[in-house]
Amino acid sequence: FARMFVQVCLYFYCKFLWRCLKFVVRKLTGQCELQRICYNTKPGAARTMKIEASLKGSKSKRLQTSVNVHPDAIEKTIDDIMELKRINPDINPQLGVSLQACLLQIVGYRNLIAEVEKLRREPYDSENPQHEEMLLKLWKCLKPNSPLKARISKQWCEIGFQGDDPKTDFRGMGLLGLYNLVYFAEWDTEIAQQVLTDSLHPKYREVTKKELSQLSKAEWEKKKFDKAIGYSFAIVGINITDLAYNLLVSGALKTHFYNVAPEAPTLTHFQQTFCYLMHEFHKFWIDEDPLDIMEFNRVREKFYKRILRQLQNPEMALCPHFAASESLINM
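For every chain, the first residue of its written sequence is number 1, and the numbers climb from 1 along that sequence. Per-residue local features of the predicted model are confined to residues with pLDDT of at least 70, and side-chain atom pairs are confined, for both listing and counting, to 80 or more; whole-chain, interface and lining totals are unaffected and use all residues. Hydrogen atoms and water are omitted, and side-chain values are computed over all heavy atoms in the structure.

1. Considering the confidence of the model for the chain
Let me state the cut-off plainly: Per-residue confidence from the predictor is reported as pLDDT, which spans 0 to 100. Whether two residues are in contact is decided by their heavy atoms: any pair within 4.5 Å suffices.
Overall, the predicted model of the chain reaches an average pLDDT of 86, with 81% of residues at or above 70. Throughout residues 24–28 the model reports pLDDT below 50, and contacts reaching past four residues in sequence, or to other chains, amount to six contacts. Within the model, the stretch residues 320–331 combines pLDDT values under 50 with 21 contacts to residues more than four positions away or in other chains.

Quick look at the structure:
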């Protein structure tokens with residue numbers, strides 16, 4: 001109880017002290033916190049995340065709710081902020097522009113979560129012609145020279161599904177998993193086909209003497225003749241969709257999206273990020289050199305932590321390797 005009491009007192013003391021400090025700084029500089037952030041921080045995640053924290057931490061309810069407005073109400077929200085902070089827009093025209101860009105990103109990120117969540121919750125329906133069309137498109141993009149003999153077929157295992165009918169594999173991520181796989185196969189076809197081929201026919205390499213000294217005879221035999229371990233492409237794609245979803249919902253992807261999306265991040269940005277993660281995970285899997293497929297969860301968790309560490313850098317942008325995102329990265 002004593003420790004809790006001290007923590008509560010410390011919290012209120014620091015909060016009061018911080019507000020006093022902001023008041024003093026404003027009097028000395030003639031600028032509010034939002035002005036100082038916009039004028040002293042370059043555009044991108046660093047600026048947008050500071051603006052977001054400033055608005056959410058404000059004692060004004062109007063400022064707190066400004067991060068949750070509809071995109072169509074952003075201009076009016078900017079006017080309200082300028083009025084509340086007693087900032088003359090004619091003297092500070094750039095401030096309004098900067099705040100608008102930041103709010104578009106903040107509100108857009110929230111809306112993107114809602115859009116992704118909606119897709120994740122929508123189950124695959126084999127009676128829906130659009131769902132079936134997308135599934136068949138996935139096959140055609142990945143196996144253009146091998147016609148699918150039947151809708152229910154063992155052939156689906158060739159692209160990494162678990163059984164004769166892929167619809168059962170989408171239960172965890174719903175339509176989101178299918179959307180991401182189709183996007184990868186359609187817009188980054190060459191890489192997707194190469195990753196698929198590698199997952200089916202992993203490359204062999206000799207075990208080094210150092211590795212040999214660290215392995216038992218049984219492990220060495222397994223590693224030597226199963227090098228490298230393959231995996232189920234489609235199932236891994238659905239799993240990486242789950243990883244990307246968790247990065248999005250946790251807020252970790254704000255760093256990336258605020259750096260690559262000049263305004264509101266969209267579903268396309270999310271799908272491009274998925275493509276990047278698929279490609280990077282494939283390389284990571286080979287480098288990790290797992291003994292067998294049972295190590296998948298360990299490798300996935302290690303990969304997830306590596307991406308999280310990268311995203312802790314406010315200047316980080318997960319640079320997609322494919323041409324579809326080059327224009328965004330260069331903005």
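2. Comments concerning the pattern of salt bridges
So the rule is basically this: Here a salt bridge means any side-chain nitrogen of Lys or Arg lying within 4 Å of a carboxyl oxygen belonging to Asp or Glu. Labels follow the DSSP assignment, with helices taken as runs of H or I lasting at least four residues and strands as runs of E lasting at least two, numbered in each case from the N terminus. Here's how the labels work: a residue is buried when its accessible area is under 20% of the maximum for its type, exposed when over 50%, partly exposed in between, all with a 1.4 Å probe on protein chains only.
Overall, the coordinates contain 17 salt bridges when judged by the stated rule. A salt bridge links Glu280 to Arg306, with the nearest nitrogen and oxygen atoms 3.6 Å apart. Here Arg306 lies in helix α15 (residues 296–311) and Glu280 lies in helix α14 (residues 267–288), a separation of 26 residues in the sequence. What makes Arg306 partly exposed here is its relative accessible area of 24%. Between Arg298 and Glu295 there is a salt bridge; the shortest N-O distance is 2.7 Å. By relative accessible area, which is 37% here, Arg298 ends up partly exposed. The network of salt bridges with common partners includes Glu288, Glu295, Arg298 and Lys302.

3. Side note on the state of the cysteines
Rule in force here: The criterion for a disulfide is a pair of cysteine sulfur atoms lying within 2.5 Å.
Here the structure, examined in full by the defined rule, presents zero disulfides. You can see Cys38 has no disulfide; the closest cysteine sulfur is in Cys102, sitting 5.4 Å from it.

4. Some points on the nonpolar core
Spelled out, the test is: To form a nonpolar core, buried Ala, Val, Leu, Ile, Met, Phe, Trp, Tyr and Cys residues must be joined to one another through side-chain atoms within 4.5 Å.
With 84 residues, the main nonpolar core has Ile51, Leu138, Leu178, Leu247, Phe270 and Leu277 as its most contacted residues. If sequence neighbours within four positions are ignored, Phe270 has contacts with Leu112, Val116, Leu176, Asn180, Ala244, Tyr245, Leu248 and Phe257.

5. Details of helix α12 (residues 233–250)
As a reminder of what qualifies: Take the residue count of a helix, subtract one, and multiply by 1.5 Å to get its expected span.
For α12, spanning 18 residues, the distance from its first C-alpha to its last is 26 Å, which sits close to the expected 26 Å at 1.5 Å a residue. If you check which residues of α12 are buried, you get Phe233, Ala234, Val236, Gly237, Ile238, Ile240, Thr241, Leu243, Ala244, Tyr245, Leu247 and Leu248.

6. Thoughts on the environment of Leu34
Inspection of the secondary structure puts Leu34 in helix α2 (residues 33–40). Once you skip the residues sitting within four places of it in the chain, Leu34 turns out to touch Ile51, Ser54, Leu55, Ile81, Lys85 and Leu95.

7. Considerations on unusual backbone geometry
Even without a glycine there, the phi angle at Arg86 is positive, about 55°. Residue position: Arg86 is located in the loop between α5 (74–84) and α6 (93–121). The exposed category is assigned to Arg86, whose relative accessible area is 77%. Even without being a glycine, Asp289 presents a positive backbone phi close to 55°.

8. Things to note about the packing of α12 against α15
Each pair of packed helices gets described by two things: the angle between the helix axes and the distance between those axes. We apply this condition: Each axis is a line fitted through C-alpha atoms, and for a helix only the stretch in contact is used; angles between axes span 0 to 180 degrees, taken between their N-to-C directions. Crossing chirality is assigned from the near helix's rotation relative to the far helix, an anticlockwise turn below a right angle marking it left-handed and a clockwise turn marking it right-handed. Ten residues, namely Ala, Val, Leu, Ile, Met, Phe, Trp, Tyr, Cys and Pro, are considered nonpolar, four, namely Asp, Glu, Lys and Arg, are considered charged, and the remaining ones, Gly among them, are considered polar.
Between α12 and α15, the shortest axis-to-axis distance is 11 Å and the interhelical angle comes to 35°. Where α12 crosses over α15, the two elements pack in a sense that is right-handed. Counting all contacts with α12, which are made through Val236, Asn239, Asp242, Leu243, Asn246 and Leu247, the residues of α15 involved are Phe296, Arg300, Phe303, Tyr304, Ile307, Leu308 and Leu311. Looking at the contact of α12 with α15 residue by residue, the class counts come to nine nonpolar, two polar and two charged.

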